Amino acid sequence: MILRTAASRTRQPVRKVRTATTTTGAPHPLRHRLDPARVEEIPFSTRDGVRLALTRVDSGERDRPAVLLLHGHTASADMFLLPETRNLVDVLLDDGYEPWLLDWRGSRRFPYNETGRRYTYDDVALYDIPEAVTRVRERVGDRPLFVVAHCVGSLTLSLSMAAGLVPGLAGVVSQGVFLTPKLAGRTSLRMTVAGELLRNRIDHIPVDFRKVGLRSRYTPLFALASRGAACPDPTCQILHNSAWGSGASLFVHENLSDATHDRLAELLGPAPLWILPHLRRIELARTVVRWHDTDHRYRALPPNALDAAARIDTPVLLLAGSENGLWLDSQRLCHEVLAHRQPQLDVSYAEIPGYGHLDTFLGRGAALDVFGHILEFLGERR
């Protein structure tokens, strides 16, 4: 969550791409109920100069398999550490794993969605994920390393894997979307229209109405999100009822506890509109495609991740809620496409009845309904 003073709220949005990324200042602190002595923060900077953060949770044992957790865009490692419920880190620790959490440049713990140099998902796939994997491997040695990835964290991971930049993983759990993103027609249309109409007016869409106030340029967006909403909370409306104005839904409302619902503005940050051109290109192609076609720095990434999927050398579990209101049946589609085009790959699919997108991790019953699928997949390959 980005905190602003009253004066900063009235400042005009930045419309020029900055030449350097803001790297000063500590990231927003994680909120958890773990013993602080067990939580090791490992800040690092990528080769292109962006400050990121790795977090290791000490299990007390040195021979455990490691699991790297990747959040979605505008979320953070907090989504795996909810103190109000039994979270994924709790479950991994109890089942004999060493959790690692990456806050990549799309994390709400950093200011990069509002300030600093703009980026594309190419940067996440080329720099953030491979360099984090390298740092984890430096610490865990030859122990198995798994990855559990959510939403855009999973989407960009698929590009890294297709590029051969993260070889030798013991297994990958992909939640929500992987190689074949698919949005509802109205969501795709709204993304296009929003990108054209709003790009010269605002550069991001906030989620916390309390931070922007009633008299702001964002008020019409919150008003639009409130139409037909059953919940009176403006943050819930813009996420559950609208997904930052796209018309999609990020979770099944009744799956969240009251405590988690009240923390939505802490768990999810502003959505940058300047990322829409790359996301739009990906959605139109129905696969993860590279944005930079002429910049030689990105030649390590394939132009089309699906065409390069034969390079994926690790088992993959495609996980999705049956009521995913954002990516729809993208994971089922991915399983079908890979079974046809790359039948040699070890790819499986599991659907969670009654769950949407974010609630597969944030839901109060996720430990019972969802995490068992993850543990079963990891356990068969540890």
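Below, the structure is looked at part by part. Since the structure is predicted, the reported quantities are computational estimates derived from the model, not experimental observations.

Procedures and definitions
Residues numbered from 1 in each chain as written. Predicted model: local features only at pLDDT ≥ 70, side-chain atom pairs only at ≥ 80, totals over all residues. Heavy atoms only, no water. Helix = DSSP H or I, 4+ residues; strand = E, 2+ residues; numbered from the N terminus. Rg over C-alpha atoms; globule rule 2.2 N^0.38 Å. Buried < 20%, exposed > 50% of the residue type's maximum accessible area, 1.4 Å probe, protein only. Contact = heavy atoms within 4.5 Å. Areas by Shrake-Rupley, 256 points an atom, 1.4 Å probe, with all protein chains shown as cover. Lys, Arg positive; Asp, Glu negative; His and termini not counted. Charge placed at Lys NZ, Arg CZ, Asp CG, Glu CD. 1 Å grid on protein atoms, 1.4 Å probe; cavity = no way out; pocket = protein on both sides within 12 Å on 5 of 7 lines; lining within 4 Å. Points joined across faces, edges and corners; volume = space filled by probe spheres on them. Nonpolar A, V, L, I, M, F, W, Y, C, P; charged D, E, K, R; others polar. Pairing = 2+ DSSP bridges. Axes fitted to C-alpha atoms, helices over the stretch in contact; angles between N-to-C directions. Salt bridge = Lys/Arg side-chain N within 4 Å of Asp/Glu carboxyl O.

Some remarks on the overall build of the protein chain
Phase 1 of the analysis: Secondary structure assignment for the protein chain yields 15 helices and 10 strands.
Phase 2 of the analysis: The C-alpha radius of gyration computed for the protein chain amounts to 19 Å, which stays within 12% of the reference 21 Å derived for 382 residues, consistent with globular compactness.
Phase 3 of the analysis: Along the three orthogonal principal directions, the C-alpha set of the protein chain runs to about 55 × 45 × 40 Å.
Phase 4 of the analysis: Across the 382 residues that make up the protein chain, the buried fraction comes to 59%.
Phase 5 of the analysis: When contacts within the protein chain are restricted to residue pairs at least 6 apart in sequence, long-range pairs at least 24 apart make up 76% of them.
Phase 6 of the analysis: As displayed, the protein chain offers around 15400 Å² of accessible surface, 52% of which is attributable to carbon and sulfur atoms.
Phase 7 of the analysis: One finds the centroid of the 47 positive side-chain charges in the protein chain at a distance of 9 Å from the centroid of its 43 negative side-chain charges.

Quick word on empty space enclosed by the protein
Phase 1 of the analysis: If you walk through the whole model with that rule in mind, you get 3 cavities of 30 Å³ or more.
Phase 2 of the analysis: Size it by volume and the largest cavity reaches roughly 470 Å³.
Phase 3 of the analysis: Ala 243, Trp 244, Ala 271, Leu 279 and Leu 326 are, among the 30 residues lining the largest cavity, the residues nearest its centre.
Phase 4 of the analysis: If you list the elements that add at least two residues to the lining of the largest cavity, you get α5 (185-198), β8 (271-272) and α11 (276-285).
Phase 5 of the analysis: Here the element with the most residues in the lining of the largest cavity is α5; it accounts for 4 residues.
Phase 6 of the analysis: Residues that form the lining of the largest cavity fall into these classes: 21 nonpolar, 8 polar and 1 charged.

Points about the sheet that holds strand β5 (residues 145-150)
Phase 1 of the analysis: The mixed open sheet is built from 8 strands, whose spatial order is β1-β2-β4-β3-β5-β6-β9-β10. In the strand order of this sheet, the two ends are held by β1 (39-45) and β10 (347-352), each with one partner. When the angles between neighbouring strand axes are averaged without regard to direction, this sheet yields 20°.
Phase 2 of the analysis: Sitting on the sheet, helix α4 (residues 152-162) touches β3 (66-70), β5, β6 (171-175) and β9 (316-321), and the angle it makes with β5 is about 130°.

Overview of the pattern of salt bridges
Phase 1 of the analysis: Enumeration over the complete set of coordinates arrives at 28 salt bridges.
Phase 2 of the analysis: Residue Arg 31 is joined to Glu 266 by a salt bridge in which the shortest nitrogen-to-oxygen separation is 3.0 Å. Of this pair, Arg 31 sits in the loop between α1 (6-9) and β1 while Glu 266 sits in helix α10 (residues 264-267); the two residues are 235 residues apart in sequence, bridging distant segments of the chain.
Phase 3 of the analysis: The salt bridge involving Glu 131 is made with Arg 47; its shortest N-O contact spans 3.2 Å. With a gap of 84 residues between them, Glu 131 in helix α3 (residues 121-140) and Arg 47 in the loop between β1 and β2 (51-57) connect regions that are remote in the sequence.
Phase 4 of the analysis: Assessed through its relative accessible area of 9%, Glu 131 is described here as buried.
Phase 5 of the analysis: Residue classification places Arg 47 among the exposed positions, given a relative accessible area of 61%.
Phase 6 of the analysis: By sharing partners, the salt bridges in this structure join Glu 40, Arg 56, Asp 58, Glu 98, Arg 139 and Arg 143 into a single network.

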